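Each chain, letter by letter, is given below.
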Amino acid sequence: MLFLTVFVLSLILFFIIKEDKSFIHPTIVTCLIWWFLIVGYHTIDHGLYPLSDEFYSVLLLWVVPFSLFCKVASVFAQTKKVSLAHYRPDYIFSKWFILFFLLAILITLIMKIKEAQAIGLYDSLYASIRDLAVSRSRGEEEPPSSLFILFNRFAVVSPVICLVYLLNDFRTKYICFFSAIVIVYIFFGANKGVLLHWFMAIVVILKYKGRLRLSQMLVLFSFVLIALIIIQLFRSSASTEDYNWFHFICVYLFSPLTAFDSFILHAGSDFQTPLNGGFIFGQFLNNEYSVYYDNNNFVYVPLPTNVFTVLCSYYADYGCLGVFIAASLHGLFWGYIYTRSKRQELYKVLYASLFYILVFQFFCDYLITASLRSNILTMMFLFFIMYPVSYKKRLR
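In this text, all values refer to a predicted model and were calculated from it rather than measured experimentally.

What counts and how
Residues numbered from 1 in each chain as written. Predicted model: local features only at pLDDT ≥ 70, side-chain atom pairs only at ≥ 80, totals over all residues. Heavy atoms only, no water. Phe/Tyr/Trp six-rings, centres within 6.5 Å; stacked < 30°, edge-to-face > 60°. Helix = DSSP H or I, 4+ residues; strand = E, 2+ residues; numbered from the N terminus. Buried < 20%, exposed > 50% of the residue type's maximum accessible area, 1.4 Å probe, protein only. Lys NZ or Arg CZ within 6 Å of the ring centre and 35° of its normal. Axes fitted to C-alpha atoms, helices over the stretch in contact; angles between N-to-C directions. Parallel < 35°, antiparallel > 145°, perpendicular 65-115°, else oblique. Left-handed = near helix turned anticlockwise from the far one by under 90°. Nonpolar A, V, L, I, M, F, W, Y, C, P; charged D, E, K, R; others polar. Core = buried A, V, L, I, M, F, W, Y, C linked by side-chain atoms within 4.5 Å. Contact = heavy atoms within 4.5 Å. Salt bridge = Lys/Arg side-chain N within 4 Å of Asp/Glu carboxyl O. 1 Å grid on protein atoms, 1.4 Å probe; cavity = no way out; pocket = protein on both sides within 12 Å on 5 of 7 lines; lining within 4 Å. Points joined across faces, edges and corners; volume = space filled by probe spheres on them. pLDDT = per-residue confidence, 0-100.

Participant: Help me understand the packing of aromatic side chains in this model?
Facilitator: Describing an aromatic ring pair means giving the distance of the ring centres and the angle of the ring planes. Counted according to the given criterion, the structure contains 32 aromatic pairs. Geometrically, the ring pair formed by Tyr 252 and Phe 363 is stacked, given 5.7 Å between the ring centres and 15 degrees between the ring planes. Taken together, the residues span a long stretch of sequence, with Tyr 252 in helix 11 (residues 245–253) and Phe 363 in the loop between helix 16 (345–359) and helix 17 (372–386) at a distance of 111 residues. Look at Phe 360 and Phe 362: their rings are 6.3 Å apart centre to centre, the planes differ by 70 degrees, and that puts the pair in the edge-to-face class. A relative accessible area of 10% places Phe 360 in the buried class. Aromatic ring contacts, followed pair by pair, group Tyr 91, Phe 97, Phe 100, Phe 101, Phe 154 and Phe 381 into a single cluster. The ring of Tyr 208 has Lys 348 lying over it, and the distance from NZ or CZ to the ring centre is 5.5 Å.

This is the structure in structure tokens:
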């Protein structure tokens, strides 16, 4: 099954690249991610369990429908006669608009630091911030105050505003200062995934602008790599003198595949979970982790991990049929947004903001299972605040 999977992925890539050579195309991203992961899995000595044929069968059930329906959505987006027109209002460039979100970020940061200092889980403030967030997500600590939630909802969309400014080359002293504070806010989240999220968004925006040069990529990558190392060291509550970076990389890149394969082989017998939608919509409905495992959500394969790829929640709830339907819906979603992004600024920003979901599909389902609420918030913010919508019949 390994060779068949590599062949199918290569074949899909061949036909898609003949049509669209952009590396940010959703099908190209999906196939490349899985191609490199499964090839790397079998060529690098990572110490993880071997993957079963069942894993590759489910993976193909994801990639093939995704690619097909991505194409269907692309054709539909190109041929439909009626569309919604979006305009960019002038107020988003005003200093008062910037000041409002700047205050939201600063208040959120102050409240976050004070809470972490008060609880003092570790000597390191940074480690305390991270562990407080994790403990709250597991229900082990009291939820944050309503005031913090209110300001944080404005703060979390502030990077989207920066993307709009970047796309339009709009620079003032207010915007430069605002962007610097946004970077501080992202860094103080103590979350490597969030940092990578906005790094990828910047890369996509630069790609749309036609300014993505090798020198820029090297500078951005170097900055992010250094930031990731700093975050990992700062948020670690233990000594980092003997930190095994190879082990760290293997856990992040390959262990989700092994964890999902373990789920398939054990048919959920080692897991505590409600099925029939409990995996997929558990966090959205209950504000809790969608999947419950022993050992603080970790399984051992044999390295510890608590992520199970984008496939797990759909497979756990509805089996192979769930994977097929989810792949089709994901393909429609990404194909439509990507195609519209070629002509409309709104969809450029939306695609850039959500692009990390495509890249991290080997990690978790960040479109629905893990981040449905935040994705809805981002789309509402873009469609109703940054780019208000009006009805329009498209002219031929």
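Participant: Any chance you could explain the packing of helix 3 (residues 53–79) against helix 15 (residues 311–341) here in plain terms?
Facilitator: Two quantities define a packed helix pair, namely the angle between the helix axes and the distance between the axes. Where helix 3 contacts helix 15, the axes come no closer than 6 Å and their chain directions differ by 30 degrees. Regarding the angle of helix 3 to helix 15, the classification is roughly parallel. You can see that helix 3 and helix 15 cross each other, and the crossing is right-handed. Residue composition of the contact of helix 3 with helix 15, by class: 23 nonpolar, seven polar and one charged.

Participant: Can you walk me through the nonpolar core in this structure?
Facilitator: The nonpolar side chains of soluble globular proteins are, as a tendency, buried together. If you look at the biggest cluster of nonpolar residues, it comprises 114 residues, and the most contacted ones within it are Trp 34, Trp 62, Phe 178 and Tyr 351. If sequence neighbours within four positions are ignored, Trp 34 has contacts with Leu 9, Phe 55, Leu 59, Trp 62, Val 63, Leu 257, Thr 309, Val 310, Gln 361 and Phe 362.

Participant: What is the right way to look at the pattern of salt bridges in this model?
Facilitator: If the charged atoms of two oppositely charged side chains come close together, the side chains can form a pair. Within this structure, the stated rule accounts for six salt bridges. Residues Glu 345 and Arg 88 are paired through a salt bridge, measuring 2.8 Å at the closest nitrogen-oxygen approach. With Glu 345 in helix 16 and Arg 88 in the loop between strand 1 (82–86) and helix 4 (95–119), this residue pair connects regions lying 257 residues apart in the sequence. A residue is classified by how much of its surface remains accessible, and Glu 345, at 22% relative accessible area, is partly exposed.

Participant: I tried to follow the packing of helix 12 (residues 255–266) against helix 15 on my own but got confused; where do I start?
Facilitator: Orientation of helix 12 relative to helix 15, taken along the N-to-C sense of each, is 10 degrees, at an axis distance of 10 Å. Regarding the angle of helix 12 to helix 15, the classification is roughly parallel. Across the interface between the two elements, Phe 260, Phe 263 and Ile 264 of helix 12 pack against Leu 311, Cys 312, Tyr 315 and Ala 316 of helix 15. When grouped by side-chain class, the residues that make up the contact of helix 12 with helix 15 number seven nonpolar, no polar and no charged.

Participant: What is the right way to look at empty space enclosed by the protein in this model?
Facilitator: One way to see where empty space is left: roll a probe the size of a water molecule over the atoms. Counted according to the given criterion, the structure contains two cavities of 30 Å³ or more. Of the pockets and cavities examined, the largest cavity occupies roughly 60 Å³. Looking at the largest cavity, the residues that line it are Trp 62, Phe 66, Val 310, His 330, Trp 334, Ile 357, Leu 358, Gln 361, Cys 364, Asp 365 and Tyr 366. Among the secondary structure elements, those contributing two or more residues to the lining of the largest cavity are helix 3, helix 15 and helix 16. Class assignment for the residues of the lining of the largest cavity results in eight nonpolar, two polar and one charged. Approximately 40 Å³ is the volume found for the second largest cavity. If you trace the second largest cavity, you find it lined by Ile 16, Glu 19, His 25, Thr 27, Ser 67, Cys 70, Lys 71 and Ser 74. Of all the elements in the fold, those that place two or more residues in the lining of the second largest cavity are helix 1 (2–19) and helix 3. For the lining of the second largest cavity, the element with the highest residue contribution is helix 3, accounting for four residues. By residue class, the composition of the lining of the second largest cavity is two nonpolar, four polar and two charged.

Participant: For this particular structure, what's the right way to read the layout of surface pockets?
Facilitator: Approximately 740 Å³ is the volume attributed to the second largest pocket. As for the second largest pocket, its lining consists of 26 residues, and the residues nearest its centre are Cys 162, Leu 166, Ser 179, Ile 183 and Ile 202. Listed by contribution, the elements that provide at least two residues to the lining of the second largest pocket are helix 7 (158–167), helix 8 (173–187), helix 9 (192–209) and helix 10 (214–235). Here the lining of the second largest pocket is composed, by residue class, of 20 nonpolar, two polar and four charged.

Participant: Looking at this model, I keep getting lost on the environment of Ile 231. Mind explaining?
Facilitator: Structurally, Ile 231 is set in helix 10. A relative accessible area of 0% means that Ile 231 is categorised as buried. In the structure, Ile 231 is positioned 40 residues away from Asn 191 in sequence and 7.5 Å away in space, judged by C-alpha atoms.

Participant: What exactly am I supposed to notice about the confidence of the model for the protein here?
Facilitator: Detailed conclusions should not be drawn from predicted coordinates in areas where pLDDT is low. Averaged over every residue, the pLDDT of the protein is 83; the share at 70 or more is 83%. In this model residues 392–396 is a low-confidence stretch, pLDDT under 50, and it forms 15 contacts with partners more than four residues away in sequence or in other chains.

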